[in-house]
Amino acid sequence: MEFPRIRILVVSRQSERTYAERALHAGASGYWMKNSSVDELMHAIETVLAGEIYASRAITSLAMRKFARRGDLPQGVGLLSDRELAVLSLIAAGHGVGQIARELGVSRKTVECHCEHIKLKLDYPDAQALHRGARELLGTSEWSARNPR
């Protein structure tokens, strides 16, 4: 994008389903349908001025459905239960077993059990590999640079 600080709100009568994704992909900061309310237009303008992306509820819902069907999650993460993913996320954030147990309201033993299951499912040989893998999978490698284990 040649002028990245310019915020563009596309105002159109064209179908959101067809054109909103293309407009956003091309660099627009939002897509507002002319048949929407004036209140929604004001919300769209405020959202774009705040540096965020505006999308209608319909487009947000469509995007979330598309996101939920995505198959490009990091390899192995799909094997984890929701609780195991929560534990992995807290490990990636640098939390220890005791802190994870308190945050999730479970025992240390339960957290240790989840860690063992995660190691098995993601093929980590030890706790150090689990911690490193958590940071890599969940994109928190900047934490690791500041807090080496």
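Only a predicted model underlies this, so the values are computations on that prediction, with no experimental measurement involved.

Draft legend 1. Spotlight on the packing of helix α4 (residues 82-92) against helix α5 (residues 97-104). Contact pair α4 / α5: the axes reach a minimum separation of 10 Å and the direction vectors enclose 130°. When the axis of α4 is compared with that of α5, the two are oblique. For α4 against α5, the interelement crossing comes out right-handed. Note on element contacts: α5 touches α4 through Ile 100, Glu 103 and Leu 104, opposite Arg 83, Val 87, Leu 90 and Ile 91. Here the residues of the contact of α4 with α5 are counted per class, giving five nonpolar, no polar and two charged.

Draft legend 2. View of the pattern of salt bridges. In this structure the tally under the stated criterion is two salt bridges. With a shortest N-O distance of 2.7 Å, Glu 84 and Lys 121 are connected by a salt bridge. You can see Glu 84 sitting in helix α4 and its partner Lys 121 sitting in helix α6 (residues 108-122), a full 37 residues away along the chain. The class for Glu 84 is buried, based on a relative accessible area of 4%. For Lys 121, a relative accessible area of 34% gives the class partly exposed. Between Glu 116 and Lys 119 there is a salt bridge, with its nearest N and O atoms 2.8 Å apart. Pair noted here: Glu 116 and Lys 119 are both in helix α6, with a separation of three residues, about one helical turn. When its relative accessible area of 41% is taken as the criterion, Glu 116 is described as partly exposed.

Each value, and the rule that gives it
Residues numbered from 1 in each chain as written. Predicted model: local features only at pLDDT ≥ 70, side-chain atom pairs only at ≥ 80, totals over all residues. Heavy atoms only, no water. Axes fitted to C-alpha atoms, helices over the stretch in contact; angles between N-to-C directions. Helix = DSSP H or I, 4+ residues; strand = E, 2+ residues; numbered from the N terminus. Parallel < 35°, antiparallel > 145°, perpendicular 65-115°, else oblique. Left-handed = near helix turned anticlockwise from the far one by under 90°. Contact = heavy atoms within 4.5 Å. Nonpolar A, V, L, I, M, F, W, Y, C, P; charged D, E, K, R; others polar. Salt bridge = Lys/Arg side-chain N within 4 Å of Asp/Glu carboxyl O. Buried < 20%, exposed > 50% of the residue type's maximum accessible area, 1.4 Å probe, protein only.

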